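Structure assessment
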Amino acid sequence: VDPLATPLPMLEKAYQHYEDDELPRPAVMEEIAAALQSADALVCVSAEYNHTIPPALTNLLGHFGPSFLLNGKPAGLVTYSAAWHGGRFAAAHLRGLCGELGLITTPNIHSIGAVYEQLDPDGNETEIGSAAGVSRRFERFAMQLEWFAKALRNHREAHGVEWGR
């Protein structure tokens, strides 16, 4: 879900705060909620904006948590920055926000520093990106996220998620 392409207003009322007499919720919220509910894992991709996550991403996530849609699901964090630190400041903030929403973030963060040097405008790895191991690090990140997705899905199915409702 691209926060810039999703017509959500500034957060006034989160998905889980709608009462029965206020249903149905706005259609865009229901579409995103259906995608979140059906997902076994999330990948949160974030640029770094003033050493934190962009306001549009904060607004999007704020509409859906903490709620049954996210509790006990893993989230893999991918951050990028024009600087060589690769969005690590944003990742630290995003990890905290995800935890408050009920998501369990994977240990590894896939960060891409100097993004304009490591990826071309179409998102393909450049020679510099190849030398820095962008694809290799992403494969490890993806394997870890898949492991957490399967493990946590199995546990949710066997035991449910009763906390945070």
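Above this note sits the structure.
Residues numbered from 1 in each chain as written. Predicted model: local features only at pLDDT ≥ 70, side-chain atom pairs only at ≥ 80, totals over all residues. Heavy atoms only, no water.

On to the pairing of strand S1 (residues 42–47). Two faces, one strand: in a regular strand the side chains alternate between the faces of the sheet. The alternating pattern of S1 places Leu 42, Cys 44 and Ser 46 on a buried face and Val 43, Val 45 and Ala 47 on a face that is not buried. Across six bridges, S1 lies against strand S2 (residues 74–80) in parallel orientation. Within S2, the residue paired with Ala 47 across the bridge is Tyr 80. Taken together, S1, helix H2 (residues 55–62) and S2 constitute a β-α-β crossover, and its handedness is right-handed. (Buried < 20%, exposed > 50% of the residue type's maximum accessible area, 1.4 Å probe, protein only. Helix = DSSP H or I, 4+ residues; strand = E, 2+ residues; numbered from the N terminus. Pairing = 2+ DSSP bridges. Right-handed = clockwise from strand over helix to strand, strands pointing away.)

Residues Val 43, Val 45 and Tyr 80 make up a contiguous nonpolar surface patch of about 250 Å² in total accessible area. Structurally, Val 43 can be placed in strand S1. (Patch = residues over 30% accessible without salt bridge, like charges linked within 9 Å, V, L, I, M, F, W, Y side chains within 5 Å. Areas by Shrake-Rupley, 256 points an atom, 1.4 Å probe, with all protein chains shown as cover. Salt bridge = Lys/Arg side-chain N within 4 Å of Asp/Glu carboxyl O.)

Let's shift gears to the side chain of Asn 59. Relative to the helices and strands, Asn 59 resides in helix H2. Relative accessible area serves as the criterion here: at 11%, Asn 59 is assigned to the buried category. Discounting residues that sit within four places of it in the chain, Asn 59 has contacts with Leu 8, Pro 9, Met 10 and Leu 11. (Contact = heavy atoms within 4.5 Å.)

The next thing to look at is the environment of Val 43. Judged by its relative accessible area of 46%, Val 43 is partly exposed. For the pair Val 43 and Phe 68, spaced 25 residues apart in the sequence, the C-alpha separation amounts to 18 Å. Contact partners of Val 43, with chain neighbours within four places excluded, come to Gly 76, Val 78, Phe 141 and Leu 145.

The strand order S1-S2-S3 describes an open sheet built from three strands, whose pairing is parallel. Looking at which strands have only one partner, the edges of the open sheet turn out to be S1 and strand S3 (104–112). Sheet twist, expressed as the mean angle between neighbouring strand axes with direction ignored, is 20 degrees. As judged from the six bridges shared by S2 and S3, these two strands associate in the parallel manner. (Axes fitted to C-alpha atoms, helices over the stretch in contact; angles between N-to-C directions.)

A few words on the nonpolar core. By size, the foremost hydrophobic cluster in this structure holds 27 residues, and its most contacted members are Phe 64, Leu 70 and Leu 94. Mapped onto this core, the elements with two or more residues apiece are helix H1 (27–38), S1, H2, S2 and helix H3 (88–100). A total of five residues in this core trace back to one element, the largest contributor, which is H1. With residues near it in sequence (within four places) discarded, Phe 64 still touches Leu 8, Tyr 15, Gln 16, Met 29, Ile 32, Ala 33, Leu 36, Leu 69 and Leu 70. (Core = buried A, V, L, I, M, F, W, Y, C linked by side-chain atoms within 4.5 Å.)

All right, on to helix H6 (residues 134–159) then. Here H6 spans 37 Å end to end across 26 residues, near enough to the 38 Å set by a 1.5 Å rise per residue. Listing the buried residues of H6 in full gives Val 134, Phe 141, Gln 144, Leu 145, Phe 148, Ala 149, Leu 152 and Arg 156. Elements in contact with the buried residues of H6: S1, S2, S3, helix H4 (115–118) and helix H5 (127–132). (Expected span 1.5 Å × (residues − 1).)

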